[in-house]
Amino acid sequence: MKKTDVHTPSAHVGRYAGKTFVLGVTGSIAAYKAVSLCRRLKAEGAQVHVVMTRAAERFVGPLTFEVISGNSVATGLFVSGNEMAHLNLAEIADAILVAPASAHCLGKMAHGLADDLLSTLVLAAECPLLLVPAMDGGMWDHPAVRENVRILRARGVCVMESDTGPLASGRIGKGRLPDEETILAAFSSALSPQKDFQGRRILVTAGPTQESLDPIRYISNRSTGKMGWAIAEVARDRGGDVVLIAGPTGLAPVTNVTWVPVVTSEEMHKAVTTRFADADILIMAAAVADFRPARKAPGKVAKGQGRFVLDLEPTPDILGDLAERRSGQIVVGFAAETGDLLARARRKLTGKNLDLIVANDVTEPGAGFGTETNRVTLLDRAGGCKALPLLSKRDVAHRILDAVRRLTTAGRPRP
Ligand SMILES: Cc1cc2nc3c(=O)[nH]c(=O)nc-3n(C[C@H](O)[C@H](O)[C@H](O)COP(=O)(O)O)c2cc1C
């Protein structure tokens, strides 16, 4: 008999590795959508414990969540042998996501009622809580529901706005569960209680550029955009108003971030220059081409003409150009090098008049293009030099923003 290969999934450093979440599911017709949310959180490395209300069990069977989450589903408050589930779950949860949150559940939470496991553990927990309402338009508009949402928000609870569209009743209106990406983005933001970039306009560049040689071919580099994406997400989560100017990467746009796709270094230059005056902080994580073909052939360069010599000209120096014309902005550059890292990074820092440079040796294992992790050194103008260990790109993004934060509070004019 032929042996079947057993593939074990390669270790994936998900953004939620090491995190434990409670996913509360209540009695809404949208309860089936929580299955997909559970799968997404689990795929990002989280431990997910699903807590269902009695009404939720009428819509989706607990077995589905048990299989998807890999954990038993808690449904009751008075379960022999598991009487302390509400306190235990409240203790281990890094965050609670209630999606969908019924009108009934919003009412109970607004008034501190605790008659089942979910409502009791929400009272006991101290971690971030995100409620994602879903209900019929008439219910959503009812003054009692509006008032409950107001009470919860005034208490600092994140209650998402519901979506407008076709409802289960067949009517069009407000009350739909927001789409999955919007919920996950809001959850990511709810997990960052630190909103130290609130009101700051942050311009981030990411990805490679492509420089055309003829209508078919281009020269580019190995950048995947993952580092810039992580910076944009983390800056958004910390309250920033983020614009992401990105070369071609194949990554999906970041939810709640203004997305400006570009292709060439010239387009990137134009896009950044146009928005720079309105920005407080510029973080150039893009791997902009240093050279481009001096001439673009109008038609395909045919094979069979012997050697082909490519004449390259330097592209505009975006960072140097913008750093020169800035009016109070913090400017952060990246130096992706293959050797002599710190000396080259320091030359770039001073030569281009940057505030901070993020230096990484792309030949190091786990660092550079396409990886989920990075190992960088942060150098600033005051001579500071901080080598960080191998971290997830999200954690690196947090450390870069921490350094930017220190620069904005350490004597530099606040943008
Ligand atoms: C078919 C059906 C669909 C329902 N959909 C919703 C809904 O989308 N949102 C909502 O707030 N209530 C909805 N309800 C009503 C709730 O299930 C009901 O208020 C229940 O008591 C909620 O309990 P829970 O908050 O403990 O889960 C629906 C009821 C039925 C029968």
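Residues numbered from 1 in each chain as written. Predicted model: local features only at pLDDT ≥ 70, side-chain atom pairs only at ≥ 80, totals over all residues. Heavy atoms only, no water.

*Asks:* Can you lay out the pattern of salt bridges for me, pointing to particular residues and giving the numbers?
*Replies:* Taken as a whole, this structure holds 24 salt bridges when the rule is applied. Linking Asp237 and Arg236 is a salt bridge whose minimum nitrogen-to-oxygen distance equals 3.0 Å. Arg236 gets classed as buried once you look at its relative accessible area, which sits at 9%. Between Asp317 and Lys352 there is a salt bridge; the shortest N-O distance is 2.9 Å. In this pair, Asp317 is assigned in the loop between strand 15 (312-314) and helix 12 (318-324) and Lys352 in the loop between helix 13 (341-351) and strand 17 (356-361), connecting sequence segments 35 residues apart. (Salt bridge = Lys/Arg side-chain N within 4 Å of Asp/Glu carboxyl O. Buried < 20%, exposed > 50% of the residue type's maximum accessible area, 1.4 Å probe, protein only. Helix = DSSP H or I, 4+ residues; strand = E, 2+ residues; numbered from the N terminus.)

*Asks:* Talk me through the domain arrangement of the protein chain; I want residue IDs and the actual numbers.
*Replies:* Parsing the protein chain into structural domains produces domain 1 (20-190) and domain 2 (201-409). Its C-alpha centre places domain 1 at a distance of 39 Å from the equivalent point of domain 2. Counting from both sides, the interface comprises 5 residues of domain 1 and, opposite them, 5 residues of domain 2. Interface area lost by domain 1 to domain 2 is led by Ala185, Ser188 and Ser189, which between them contribute 76%. Where domain 1 touches domain 2, the interface holds 0 salt bridges. Between domain 1 and domain 2 we count 2 residue pairs in polar contact (both at pLDDT 80 or more) in total. For the side of domain 1 that touches domain 2, a count of residues per class yields 1 nonpolar, 3 polar and 1 charged. (Domains from an automatic or database assignment. Contact = heavy atoms within 4.5 Å. Buried area = accessible area lost by both parts, 1.4 Å probe. Polar contact = N/O pair within 3.5 Å; in protein donor to acceptor, adjacent residues only side chain to side chain. Nonpolar A, V, L, I, M, F, W, Y, C, P; charged D, E, K, R; others polar.)

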